[in-house]
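Structural characterization, general
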Amino acid sequence: MTNEMQASANSSREEAPVRSPEAMFEYGYRKKSYAPDELITDAHGNPITVSDTMLTAIEASKRVTAVPHLCFYEPRIPGNTGSAIRLCAVTGSILHLIEPLGFDLKDTKLRRAGLDYHDMAHVVIHPSFEAMVEAMPDSRIIAFTAHATKTYTEVQYQPNDILLFGPEPGGIPDPMDVFFGPHVAEQVKLPMRPSLRSLNLTNTASIALYEAWRQLDFAGAGESEDL
């Protein structure tokens, strides 16, 4: 290659635009201009958020369900709560969240995990565990904790039960004053092999909720109903 040709090649490389990598999100590369609100829309294509379909505590206490309610105590990981929203949508359950939350309800990971189920499930925010107890006086609270001696299959579930799950990750202990307090009717656990720490929060909730629904003959499954 002549000196003139080499100089021309070097000039071309210098003039080539430098492309910076796009932002990396949980599910791979996405354009920076991609709006998170576009991920979740209602049946008419309008963007929605979890807060658009929230129930008040009073509304939740009056709502008749065919499957127990689900409660996450001070959840910290948005993806787990998003998955729980999807779980509650397909089962007809109501999701109760006890503050403080470790994320914003508009968090992208929460919204992605919930897919387009946010307008088919209902979420209730309670400022404290005591506030939920007061708002749901007719509900029996069943706490799922590794400290229990009874397994989750030994309970006869009722539609207005509340299945209570503690904060994640598994290294954070359950608040014993809540999970073994006077307002909790039962403490149950899922069996696990020894020396293993824990299951994913929403995986555990799914197992429990489907066992409860199985006992109730999967009432409401296959039916079209407004939540």
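By the naming in an unreviewed UniProt entry, the protein chain goes by Putative tRNA (cytidine(34)-2'-O)-methyltransferase and is assigned to Alloscardovia macacae. Turning to the protein chain, the UniProt record has this under Function (unreviewed entry): "Could methylate the ribose at the nucleotide 34 wobble position in tRNA." Under the UniProt heading Subcellular location (unreviewed entry), the note attached to the protein chain is "Cytoplasm".

**Digging into the overall build of the protein chain**
A count of helices and strands for the protein chain gives seven helices and nine strands. Considering only residue pairs separated by 6 or more positions, the protein chain has 75% of its internal contacts joining residues 24 or more positions apart. Working note: accessible area of the protein chain is about 12,900 Å², and carbon and sulfur atoms make up 51% of it.

**A closer look at the side chain of threonine 91**
Mapped onto the fold, threonine 91 is located in helix 3 (residues 78–91). Taking relative accessible area as the criterion, threonine 91 reaches 6% and is therefore assigned buried. Only 3.5 Å separates the side chain of threonine 91 from the backbone nitrogen of serine 93, close enough to count as a polar contact.

**Some words on helix 3**
The end-to-end C-alpha distance of helix 3, which contains 14 residues, comes to 20 Å, matching closely the 20 Å that a straight helix rising 1.5 Å per residue would cover. With 11 of 14 residues buried, helix 3 lies mostly within the body of the structure. The complete set of buried residues in helix 3 reads Pro78, Gly79, Asn80, Thr81, Gly82, Ala84, Ile85, Leu87, Cys88, Ala89 and Thr91.

**Brief notes about the pairing of strand 3 (residues 69–73)**
Among the five residues that make up strand 3, five are buried, leaving the element largely enclosed by the rest of the structure. In strand 3, alternate side chains face the same way, and those of His69, Cys71 and Tyr73 on one face and Leu70 and Phe72 on the other are all buried. Strand direction decides the pairing type here: strand 3 and strand 8 (residues 162–165), joined by four bridges, are parallel. Looking across to strand 8, one finds that cysteine 71 is bridged to leucine 164. Two strands pair when backbone bridges link them, and strand 3 and strand 4 (residues 94–98) are joined in this way by four bridges, in the parallel orientation. If you follow phenylalanine 72 over to strand 4, its bridge partner there is leucine 97. Taken together, strand 3, helix 3 and strand 4 form a β-α-β motif whose crossover is right-handed.

**As for the environment of isoleucine 162**
Inspection of the secondary structure puts isoleucine 162 in strand 8. In this structure, the C-alpha to C-alpha distance between isoleucine 162 and leucine 209, residues 47 residues apart in sequence, is 10.0 Å.

**A short note on the sheet that holds strand 4**
Taken in spatial order, the seven strands of this open sheet run 5-4-3-8-6-9-7, and their pairing is parallel. The open sheet has two free edges, formed respectively by strand 5 (122–126) and strand 7 (150–151), since each of these has just one partner strand. The pairing of strand 6 (residues 141–144) with strand 9 (residues 184–189) spans four bridges and is classified as parallel. Looking at strand 9, one finds that alanine 143 is bridged to glutamine 187. Docked against the sheet, helix 7 (residues 201–215) engages strand 3, strand 6 and strand 8, running at close to 155° with respect to strand 8.

**Some details on unusual backbone geometry**
Geometrically, the link from glutamate 99 to proline 100 is a cis peptide bond, its omega value of 5° lying close to zero. By the secondary structure assignment, proline 100 is in the loop between strand 4 and helix 4 (108–113). Of note, the phi angle at glutamate 74 is positive, near 45°, even though the residue is not glycine. Within the fold, glutamate 74 resides in the loop between strand 3 and helix 3. Positive phi values are uncommon outside glycine, yet aspartate 217 reaches one of about 60°. Within the secondary structure, aspartate 217 sits in the segment after helix 7. Judged by its relative accessible area of 68%, aspartate 217 is exposed.

Basis of the calculations
Residues numbered from 1 in each chain as written. Predicted model: local features only at pLDDT ≥ 70, side-chain atom pairs only at ≥ 80, totals over all residues. Heavy atoms only, no water. UniProt positions renumbered as here; feature names shortened; annotations may be inferred. Helix = DSSP H or I, 4+ residues; strand = E, 2+ residues; numbered from the N terminus. Contact = heavy atoms within 4.5 Å. Areas by Shrake-Rupley, 256 points an atom, 1.4 Å probe, with all protein chains shown as cover. Buried < 20%, exposed > 50% of the residue type's maximum accessible area, 1.4 Å probe, protein only. Polar contact = N/O pair within 3.5 Å; in protein donor to acceptor, adjacent residues only side chain to side chain. Expected span 1.5 Å × (residues − 1). Pairing = 2+ DSSP bridges. Right-handed = clockwise from strand over helix to strand, strands pointing away. Axes fitted to C-alpha atoms, helices over the stretch in contact; angles between N-to-C directions.

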